[in-house]
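An overview of the molecular structure
One letter stands for each residue in the lines below.
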Amino acid sequence: GESVGLHLPTLSVQEGDNSIINCAYSNSASDYFIWYKQESGKGPQFIIDIRSNMDKRQGQRVTVLLNKTVKHLSLQIAATQPGDSAVYFCAETLRGGKLIFGQGTELSVKP
Amino acid sequence: EAGVAQSPRYKIIEKRQSVAFWCNPISGHATLYWYQQILGQGPKLLIQFQNNGVVDDSQLPKDRFSAERLKGVDSTLKIQPAKLEDSAVYLCASTGGRGRGPRVGAFFGQGTRLTVV
């Protein structure tokens, strides 16, 4: 079946620390992966993406790592800030553009 | 640039009633998606349109859910009759990608929160 994500998730970090959010995906044919941030009462917001022919991509304060061997994706947030508190979803794109979301991880940043 | 517009923001109905949601995507975006997000879960794709054609509706409960995008712009999602388990946030998203899924610049609306009582 199709599934993305881990069953958990709450991550609590201290402001200024680095955060690492993990995700497992199941479809080997997926060739495009995205991390989304969702704040309460809002729709998901694109953070960063990565194609399957890459293993790392960096953005502003965020880095996504892709390990296709074990079908694992991670999002690293540097110097986490209170404004980073939200639920983070990984998602994979299947052929034809179908986007599957995982269950999400709630990130809580303590001041 | 205007974002994806959805209405209404909230809706409360009794079970067995019908309800409709409306979405206006980003101007020029050919691909439009409807997702259902149950509290505590990730969004689940219900239907994907490319212009006014359906690309994927494999997870749409067609006995009660229907969606259309007649002119390839606005879209409506309808539930008739509603069940208690339909309580969720219904999200609309659009992208200018050519059927490759939400990509950089993919935008989601704020969603419609449906409560079925």
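As the structure is a computational prediction, the values presented were derived from the model and not from experiment. (Residues numbered from 1 in each chain as written. Chains lettered and ligands numbered in written order. Predicted model: local features only at pLDDT ≥ 70, side-chain atom pairs only at ≥ 80, totals over all residues. Heavy atoms only, no water.)

All chains considered together, the criterion is met by 11 aromatic pairs over all chains. Considering the side-chain rings of Phe21(B) and Tyr90(B), the 4.9 Å spacing of their centres and the 25° angle between planes classify their relative orientation as stacked. With Phe21(B) in strand β3 (residues 19-24) and Tyr90(B) in strand β9 (residues 88-95), this pair connects stretches of sequence that are 69 residues apart. Each member of the pair, Phe21(B) together with Tyr90(B), is buried. Following the ring pairs from residue to residue traces out a cluster consisting of Tyr36(A), Phe46(A), Phe89(A), Phe101(A), Tyr33(B), Tyr35(B) and Phe108(B). (Phe/Tyr/Trp six-rings, centres within 6.5 Å; stacked < 30°, edge-to-face > 60°. Helix = DSSP H or I, 4+ residues; strand = E, 2+ residues; numbered from the N terminus. Buried < 20%, exposed > 50% of the residue type's maximum accessible area, 1.4 Å probe, protein only.)

Right, let's talk about the sheet that holds strand β7 (residues 72-77) of chain A for a bit. Residue and element names in this part refer to chain A. Across the sheet, 4 strands lie side by side as β2-β7-β6-β5; this open sheet has antiparallel pairing. In this open sheet, the two edge strands, each paired with only one partner strand, are β2 (19-24) and β5 (56-58). Going from strand to strand, the sheet's axes swing by 15° on average, the running direction of each strand aside. Here β2 pairs with β7 via 6 bridges, running antiparallel. (Pairing = 2+ DSSP bridges. Axes fitted to C-alpha atoms, helices over the stretch in contact; angles between N-to-C directions.)

Across chain B, pLDDT averages 90, with 91% of residues at or above 70. Counting contacts from residues 98-102 of chain B, a segment whose pLDDT is below 50, to residues more than four positions away or on other chains yields 22 contacts. (pLDDT = per-residue confidence, 0-100. Contact = heavy atoms within 4.5 Å.)

For the rest of this paragraph, the subject is unusual backbone geometry. Cis geometry marks the peptide bond from Ser7(B) to Pro8(B); its omega dihedral reads -5°. Tracing the backbone shows Pro8(B) in the loop between β1 (5-7) and β2 (10-13). Of note, the amide linkage connecting Gln80(B) to Pro81(B) takes the cis form, showing an omega dihedral of -5°. You can see Pro81(B) is positioned in the loop between β8 (75-79) and β9. One non-glycine residue with positive phi stands out, namely Ala79(A), at about 45°. Structurally, Ala79(A) can be placed in the loop between β7 and β8 (86-93). Classification of Ala79(A) by relative accessible area gives partly exposed; the value is 35%. The backbone of Arg16(B) shows a phi angle near 80°, a positive value even though the residue is not glycine.

Below, the discussion takes up the nonpolar core. Ranked by internal contacts, the top residues of the largest apolar core, which has 21 residues, are Phe21(B), Trp34(B), Leu77(B), Ile79(B), Tyr90(B) and Leu114(B). Of all the elements in the fold, those that place two or more residues in this core are β3, β4 (31-37), β5 (44-50), β8, β9 and β11 (112-116) of chain B. Listed in part, the 19 residues of the second largest apolar core include Phe33(A), Leu75(A), Ile77(A) and Tyr88(A). (Core = buried A, V, L, I, M, F, W, Y, C linked by side-chain atoms within 4.5 Å.)

To continue, consider the sheet that holds β3(B). All names here are of chain B. Taken together, 4 strands build an open sheet; the order of strands is β1-β3-β8-β7 and the sheet is antiparallel. Only two strands of the sheet have a single partner each, and these edge strands are β1 and β7 (65-68). Sheet twist, expressed as the mean angle between neighbouring strand axes with direction ignored, is 15°. Here β7 runs beside β8; their pairing, made up of 4 bridges, is antiparallel. In the strand pairing of β8, Phe65 is matched with Ile79.

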